[in-house]
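Summary of the model geometry
Residues per chain are reported as follows:
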Amino acid sequence: MTTQDVSSPRSLLATVTARVAGFEPYLYALLRIIFAVVLFTHGLPKVLRTAHGSMADPMAASINLIQNVMGLPFAGQLAFLVMLLETAGALMLATGLGTRLVALLIAIQMVAISYALGPTWPWIDRGIEFPVLMGFLALYIVARGGGVYSLDARLSTRLR
């Protein structure tokens, strides 16, 4: 009998952990891309002025939220910036270009959305559950950057 049994739970866990760790850079890139796709699906209907879920005109809904719920001036211009962030910013996030800046802007947007929709929590009731999750995911991306598989990493390597 050996001192370390290969089939022990601890040994099995160490083996699985080592193998999964090798996929981490790919999984992080996939996380960044999926996050961007989710964001893009909110921006594209604003660009096209088409229905999105229960909203007949998402751009008009954004303007209404900014102007009447949040009480901010220049609602049309701010809604346009939101639309740009959710489309062009999402594409930049997916490719990993300007990742930290774009993710920071998304985190700020999610704070604003949470403020406007709060204090209701469940998303099914138009609460802040989804924007809070998106905001914290954006903050994680701010801290982490684009990762190995991003245009940021590629540009950084070329500049050296």
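Let me sum up the structure you'll find in this document. Each chain has its residues counted from 1, running along the sequence as written. Local features in this predicted model are restricted to residues of pLDDT 70 or higher, and side-chain atom pairs are both shown and tallied only at a pLDDT of 80 or more, whereas totals for entire chains, interfaces and linings draw on every residue. Think of the side-chain values as coming from all heavy atoms in the structure, minus any hydrogens and water.

1. Describing the overall build of the protein chain
Selection criterion: Numbering goes from the N terminus for both helices and strands, where a helix is a DSSP run of H or I of at least four residues and a strand is a run of E of at least two. The globule rule is 2.2 Å times the number of residues to the power 0.38, and the radius of gyration it is compared with is taken over C-alpha atoms. Per-residue and other accessible areas were derived by the Shrake-Rupley procedure at a 1.4 Å probe size, with only the shown protein chains allowed to occlude residues. Charge assignment: positive for Lys and Arg, negative for Asp and Glu; neither His nor the chain ends contribute. Charge positions are represented by NZ for Lys, CZ for Arg, CG for Asp and CD for Glu.
Broken down by element type, the protein chain carries seven helices and zero strands. Reading the protein chain from its N end, one meets helices and strands in the order α-α-α-α-α-α-α. Since a compact globule built from 160 residues should have a radius of gyration of about 15 Å, the 20 Å found for the protein chain marks it as more spread out than a globular shape. For the protein chain, the C-alpha atoms occupy an extent of roughly 75 × 45 × 25 Å along the three principal directions. Entry remark: accessible area of the protein chain is about 10,200 Å², with carbon and sulfur atoms responsible for 71%. Averaging the locations of the 11 positively and 7 negatively charged side chains of the protein chain gives two centres separated by 11 Å.

2. Describing the nonpolar core
Here is the rule we go by: In this text, buried Ala, Val, Leu, Ile, Met, Phe, Trp, Tyr and Cys residues form a nonpolar core when linked through side-chain atoms within 4.5 Å. Under the scheme applied here, a residue whose accessible area is under 20% of the maximum for its type counts as buried, over 50% as exposed, and between as partly exposed, the area being computed with a 1.4 Å probe on protein chains only. Here, two residues are considered to be in contact whenever any of their heavy atoms come within 4.5 Å of each other.
Core analysis: the biggest nonpolar cluster contains 16 residues, and Phe35, Leu39, Leu93, Ile106 and Ile141 have the highest contact counts within it. At the level of secondary structure, the elements contributing two or more residues to this core comprise helix 2 (24-48), helix 4 (75-95), helix 5 (99-117) and helix 6 (129-144). In terms of residue count, helix 5 provides more of this core than any other element does, five residues in total. With sequence-adjacent residues up to four places away left out, Ile106 is seen in contact with Phe35, Leu39, Leu85, Leu93 and Ala138. Counting residues in hydrophobic clusters, the runner-up holds five residues, among them Met59, Ile66, Ala75 and Ala79.

3. Quick word on the packing of aromatic side chains
Under the convention used in this document: Aromatic pairing here means that ring centres of Phe, Tyr or Trp (its six-membered ring) are within 6.5 Å. Orientation follows from the plane angle: under 30 degrees is stacked, over 60 is edge-to-face, and everything else is tilted.
Scanning the entire structure with this criterion turns up three aromatic pairs. Ring geometry for Tyr28 and Tyr140: centres 6.0 Å apart, planes at 80°, overall edge-to-face. You can see Tyr28 sitting in helix 2 and its partner Tyr140 sitting in helix 6, a full 112 residues away along the chain. Taking relative accessible area as the criterion, Tyr28 reaches 4% and is therefore assigned buried.

4. Notes on a nonpolar patch on the surface
Put simply, the rule reads: Patch rule: a residue counts if its relative accessible area is over 30% and it has no salt bridge; like charges are joined within 9 Å, and nonpolar side chains (Val, Leu, Ile, Met, Phe, Trp, Tyr) within 5 Å. Salt bridge, as used here, is a side-chain nitrogen of Lys or Arg placed within 4 Å of a carboxyl oxygen of Asp or Glu.
Together, Leu12, Val16, Val20, Phe23, Tyr26, Leu27, Leu30, Ile33, Ile34, Val37, Val148 and Tyr149 make up a nonpolar patch on the protein surface, roughly 1,100 Å² of accessible area in all. Mapped by element, the contributors of at least two residues to the nonpolar patch are helix 1 (9-21) and helix 2. With six residues, the top contributor of residues to the nonpolar patch is helix 2. If you trace the backbone, Val16 turns up in helix 1. Given a relative accessible area of 43%, Val16 falls into the partly exposed group.

5. Here we look at the pattern of salt bridges
Taken as a whole and judged by the stated rule, the model has three salt bridges. Here Lys46 makes a salt bridge to Glu86, at a shortest N to O gap of 2.7 Å. Taken together, the positions of Lys46 in helix 2 and Glu86 in helix 4 put the pair 40 residues apart, joining distant regions of the chain. Across the pair Arg49 and Asp57 runs a salt bridge, and its minimum N-O distance is 3.2 Å. When its relative accessible area of 48% is taken as the criterion, Arg49 is described as partly exposed.

6. Overview of the layout of surface pockets
Rolling a probe over the atoms, with the probe sized like a water molecule, indicates the empty space that remains. Quick note on the threshold: Any residue with an atom within 4 Å of a point lines the site, the site being either a cavity, points on a 1 Å grid over the protein atoms alone where a 1.4 Å probe fits but cannot get out, or a pocket, an open set with protein on both sides within 12 Å along at least 5 of 7 lines. Grid points are joined across faces, edges and corners, and a volume is the space filled by probe spheres set on the points. When residue character is reported, Ala, Val, Leu, Ile, Met, Phe, Trp, Tyr, Cys and Pro are called nonpolar, Asp, Glu, Lys and Arg charged, and the others, Gly included, polar.
In this structure, the largest pocket encloses a volume near 900 Å³. Contributing to the lining of the largest pocket are 37 residues, with Lys46, Val82, Glu86, Gln109 and Ile113 lying nearest its centre. Going through the elements one at a time, helix 2, helix 3 (58-69), helix 4, helix 5 and helix 6 are the ones with two or more residues in the lining of the largest pocket. The element that contributes the greatest number of residues to the lining of the largest pocket is helix 5, accounting for nine residues. Looking at the lining of the largest pocket residue by residue, the class counts come to 26 nonpolar, eight polar and three charged.

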